[in-house]
Amino acid sequence: MQKLAIDPKLDWRRFLELIAIHRVTSLVSGQLNAAGVPDLGKDFYGELARRSKAVTLRNFLLVSELVRLQRIFLEGGITAVWFKGPVLAQRAYDNPALRESLDLDVLIPRAQVDAVNETLLRQNYVPQFDLVTPRQQRLHERISNQHSFYDQRGGLCVDVHWAVSEHEYSFSNFEPLPTCDIDLAGHCITTFEDEATLCYLCYHGCKHGWWSLRWICDVAEFVRRRELDWQRLMTADRLPIGTGRMLRLGLFLAHFGLGARLPEAVVGWIKSDRAVWSVGRSVLMDCLKMKKLRNDHVYTAMMESWRDRINYKVRAAWGPTALELERVALPDSLFFVYRGLRYIRVTRKYLFERRPAAN
C-alpha cells in the first residue's frame, strides 16, 4: 500500500470520490493509518479526516436512534429484529464507526405493521409513500416487503420490513430467520444468527448487482470475525434466505477480490460453480472500472430455477409498485388495473421522458 500511495500518477481527488461512492471512507482512512502511509499532503488528509468524522458522527446518531426506537417498540409490545446498519457494523467490524450506514433496518411481524407505522408517525417520521387508506396499505404489504420512513429533522431513515425478501421465489424466506441477542452500545439488541446474516448479505448483494465495494467488505469482514458452520451452509437443502449460488458468489468476491480467508473446502465449493466464476470476475472487473452491471443480470444469473427467472422478468415488467398504489385507491377486485397503470407509467418514462429534444 505504501508503494501505491507514493505513486505520482495516483489521482487523489478521484480516489476520494471513489471511496465516497463505494461508502468505504472510514475503512480506507483506518487502513492508510494502520499501514503507515507517508504524508500525502495536508489537503488530502484534512479532507479524508473531515469525511471520516462526518461518517462517524452519523453512525453514532444512527446507534442512538436505534436504541431509542428499540425502547419505544418494547414499551409498545412490538417485536423488533434489527439488521444491517450499526448492528452489522458491530458484528463485522467490531466498531459501529467503521461501516458507513445510511439508514436503519428493522424486521417486525406482519401483524404489527400498523402498530409500527403509528409509532413512527408519533415520532415525527414521514412515510415514503402516502398510502392513506387501509386498503392501499394492505395492497402494499401484498406487493412489497418494506416501507421507508424519514425523519426530516435529523435526516434519518428507517426501513420497516415485514419480510426480508420477496415471497414470489423459491429461495425466499418463508419461515422466520433464526435470531440471537448482541450487545450494542451497552444495550441488548436482537438480530439474525451468524449463518442467516451471511446468507442475507450475499442475497442482498446479488439483488443489487454487487455494485458497492462496501457490501463485499461486509462479507469479507464478517467471515473473518465470525465462527461459521461451513458444513451446514454447504450441505443445506435450503438456506435461510437466497440460493447456494448467491452465497458462493458473495464468498467468491470476498475471497478472490479482498483476500478473505476461507477453509479449503469452501474454496473448492466455490470453484465448482462455473457460473459463479463468470459473474464474479465480471463484478470485480466492473468495480475496478467503476462500471455497474445491471442488477437483474447478476440477480437472475444466481437464481437456480428457471421458474424464478421467469417470475422475476414478469414481475419487473408488470408488477405494480407503491407508485401506482399512491395514485389511486382501488378495491381488491380491481387489483389487475394496477398492472395496466404500471405499464402506462413505464412506457411514458422510457418513450417520452427520455426522448432527446429536437434540434
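Everything in this summary refers to the structure shown in the same document. Not measured: the values here are computed from a predicted model.

**Overview of the packing of aromatic side chains**
Point 1. Going through the model one piece at a time under the given rule, you end up with 14 aromatic pairs.
Point 2. Pairing F171 with Y299 gives two aromatic rings, centres 6.1 Å apart and planes at 80°, and the pair type is edge-to-face. Of this pair, F171 sits in the loop between β5 (156-161) and β6 (179-184) while Y299 sits in helix α14 (residues 295-301), and the two are 128 residues apart along the sequence.
Point 3. Summarising the aromatic geometry, the rings of Y203 and Y299 are spaced 6.3 Å apart at their centres and angled 65° between planes, so their arrangement reads as edge-to-face. Taken together, the positions of Y203 in helix α8 (residues 194-207) and Y299 in helix α14 put the pair 96 residues apart, joining distant regions of the chain. The pair formed by Y203 and Y299 is uniform in burial state, with each residue classed as buried.
Point 4. The rings of F83, Y169, F171, F192, Y200, Y203, Y299 and Y312 are connected pair by pair, giving a single aromatic cluster.
Point 5. Its guanidinium or amino end placed over the ring of W269, R248 lies 4.9 Å from that ring's centre, counting from NZ or CZ.

**As for the sheet that holds strand β2 (residues 104-107)**
Point 1. Ordered in space as β1-β2-β5-β4-β3, the 5 strands form an open sheet in which the pairing is mixed. Two strands in the sheet have a free side with no partner beyond their single neighbour: β1 (81-83) and β3 (126-127).
Point 2. Sheet topology places β1 next to β2; 3 bridges connect them, and they run antiparallel. Pairing of W82 across the sheet is with V106, part of β2.

**Topic: the nonpolar core**
Point 1. Membership of the largest hydrophobic core comes to 64 residues, with the highest contact counts inside it found for L198, W210, W230 and L251.
Point 2. For this core, the leading source of residues is α8, giving 8 residues.
Point 3. With sequence-adjacent residues up to four places away left out, L251 is seen in contact with L198, C202, V219, V223, W230, L262, V266, W269 and I270.
Point 4. In terms of nonpolar packing, the next biggest core, distinct from the first, is built from 24 residues, L66, V116, Y125 and I182 among them.

**So, the pattern of salt bridges**
Point 1. For the coordinates displayed, the defined rule picks out 21 salt bridges.
Point 2. In this structure, R14 engages E17 in a salt bridge whose closest nitrogen and oxygen atoms are separated by 2.9 Å. Highlighted residues: R14 and E17, both in helix α2 (residues 12-21), separated by 3 residues, approximately one helical turn.
Point 3. What makes R14 partly exposed here is its relative accessible area of 34%.
Point 4. A relative accessible area of 39% means that E17 is categorised as partly exposed.
Point 5. As a salt-bridge pair, E141 and R110 come within 3.4 Å of each other at their nearest N and O atoms. Remark: R110 occurs in the loop between β2 and α6 (113-122) and E141 occurs in helix α7 (residues 134-143); sequence separation between them is 31 residues.

About the thresholds
- Residues numbered from 1 in each chain as written.
- Predicted model: local features only at pLDDT ≥ 70, side-chain atom pairs only at ≥ 80, totals over all residues.
- Heavy atoms only, no water.
- Phe/Tyr/Trp six-rings, centres within 6.5 Å; stacked < 30°, edge-to-face > 60°.
- Helix = DSSP H or I, 4+ residues; strand = E, 2+ residues; numbered from the N terminus.
- Buried < 20%, exposed > 50% of the residue type's maximum accessible area, 1.4 Å probe, protein only.
- Lys NZ or Arg CZ within 6 Å of the ring centre and 35° of its normal.
- Pairing = 2+ DSSP bridges.
- Core = buried A, V, L, I, M, F, W, Y, C linked by side-chain atoms within 4.5 Å.
- Contact = heavy atoms within 4.5 Å.
- Salt bridge = Lys/Arg side-chain N within 4 Å of Asp/Glu carboxyl O.

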